[in-house]
Structures are given as C-alpha cells and as structure tokens.
Amino acid sequence: KSFGNITHRIPMLSLNNAFSGEELAAFDKRVRDGLNASEVTYAVEPKFDGLAITLTYENGFFVQGATRGDGYTGEDVTQNLKTIRNIPQRLYTDNPPKLLEVRGEVLMLKADFEALNLEQAAKGEKLFANPRNAAAGSLRQKDPRITASRPLALVVHGIGAVSDEIFATQSEAYELMKSWGLPIGNHVKVAQNQAEVRQFIEYY
C-alpha cells in the first residue's frame, strides 16, 4: 500500500489464449473478417513470463512507470524501474514523440535467478520460489536500493498511448523501439499468414 496508483491511459488487458489449431484458426478468421482481408501478416514471438509494466516517456525522457495492476490502475514503481540497467532514462533519438507509453515485462533470467538464490543461501536467507516471483518481489520493494541489487531486466513487447503516428505495424514499432535503445526480444518474426504462425509455434 506504500505505492501510489497510476491510471493507465490505455488499459493493459490480459492476453487471450489459443490451445489448439482450431482455436488459432478461429482467431485468424476473426482478425481477417474484422479487417475484411484475405490474408493477415502477423508479428510472432515467445511470451516472456515476468511482471507486466508500462513506462511513460515525455519528450524522450522516462518520467513514470507502473505495474499492470488490475489492467486499469497500477502501482507507481517509477523509482524502482529507474534502477534497472537496461531501461534507458532517455530515448536515443533527437526527435522523440511528445508522449510514448511502452509496455513490457520485467523479468529475471534463469542463470541470474540461480545465482541470486546461491547468495540468499550463503546469507542464510529465504530462497525465491521461481524467477517470476523473484522478479515481481524485487520490483515491488519500498527501498529502490534493494531493487537495484537484484539482476532484473526489461523486455519490451508493445506500445500503449503515443502522441504521433510513427509506425504502421508491430514490426515497425519494434524497429523504432530498438533504435531508441529500448530492449526488445531477440526472437521476433514476421509471419506472412496463419500457416507460418503455426510453423513458429511448432518450432518452439
């Protein structure tokens, strides 16, 4: 309760799931019908399981960060997010949008998680159950110095509110974010149709 609340400009809604080829085909049909298109190009990537957050940049400077919360209101964790090393405090561009909301996941890599638990054990302190819980607990600390001592990282996967029309597709958004110094995933691919989406799923 020590964190203030932030209302998201655009809700951070849950992702829908598809657990079979039939459900994937039904999703693809809804998308094509909604767009009145015979084929749709998809940006596909693995989903990272961390703590969902949003970062707000104004005129290129990081000014506010929040957890997903209930999707409409999250916790203000700005000071803690400022301690995560791969989050740029300023975007690498001379012409940033006036307002940019970036969505992503704060997570802990497995090797870093194992090293953290070794440190915890050496100090006789409680071990963390899994990387996701360790990441969430590390970000939601009253003292930012504790967050800074933990091996956290951000992976960006989307854009919320933005003041300028600066991209037309998800893959263009990724290229922009990458050029601005925002950490995107390394396994993003453009699939030309549903068949290529299936190939991507089968590969992983």
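So, about the nonpolar core. In terms of nonpolar packing, the biggest core is built from 29 residues, with Leu-55, Tyr-57 and Leu-81 touching the most fellow members. When residues of this core are traced back to their parent elements, those giving at least two are β3 (51–58), β6 (99–107), α3 (110–122), α4 (131–139), β7 (153–162) and α6 (170–179). Apart from residues no more than four positions distant in its own chain, Tyr-57 is found in contact with Phe-62, Ile-87, Pro-88, Gln-89, Leu-91, Lys-98, Leu-99, Leu-100, Val-102 and Leu-182. Formed by 7 residues, the second largest nonpolar core is a distinct cluster that contains Leu-24, Tyr-42, Val-44 and Ala-191.

Time to look at the sheet that holds β6. Pairing between the strands of a sheet comes from backbone hydrogen bonds, and it takes one of two forms, parallel or antiparallel. Ordered by their spatial adjacency, 4 strands build an open sheet running β4-β3-β6-β7, and the pairing between neighbours is antiparallel. What marks the edges here is a single partner per strand, and that holds for β4 (61–67) and β7. Across the sheet, the mean angle from the axis of one strand to that of its neighbour is 30 degrees, orientation sign disregarded. Two strands pair when backbone bridges link them, and β6 and β7 are joined in this way by 7 bridges, in the antiparallel orientation. Across the sheet, Val-102 pairs through a bridge with Ile-159, a residue of β7. Here α6 sits on the sheet in contact with β6 and β7, set at roughly 120 degrees to β7.

Calculation notes
- Residues numbered from 1 in each chain as written.
- Predicted model: local features only at pLDDT ≥ 70, side-chain atom pairs only at ≥ 80, totals over all residues.
- Heavy atoms only, no water.
- Core = buried A, V, L, I, M, F, W, Y, C linked by side-chain atoms within 4.5 Å.
- Buried < 20%, exposed > 50% of the residue type's maximum accessible area, 1.4 Å probe, protein only.
- Helix = DSSP H or I, 4+ residues; strand = E, 2+ residues; numbered from the N terminus.
- Contact = heavy atoms within 4.5 Å.
- Pairing = 2+ DSSP bridges.
- Axes fitted to C-alpha atoms, helices over the stretch in contact; angles between N-to-C directions.

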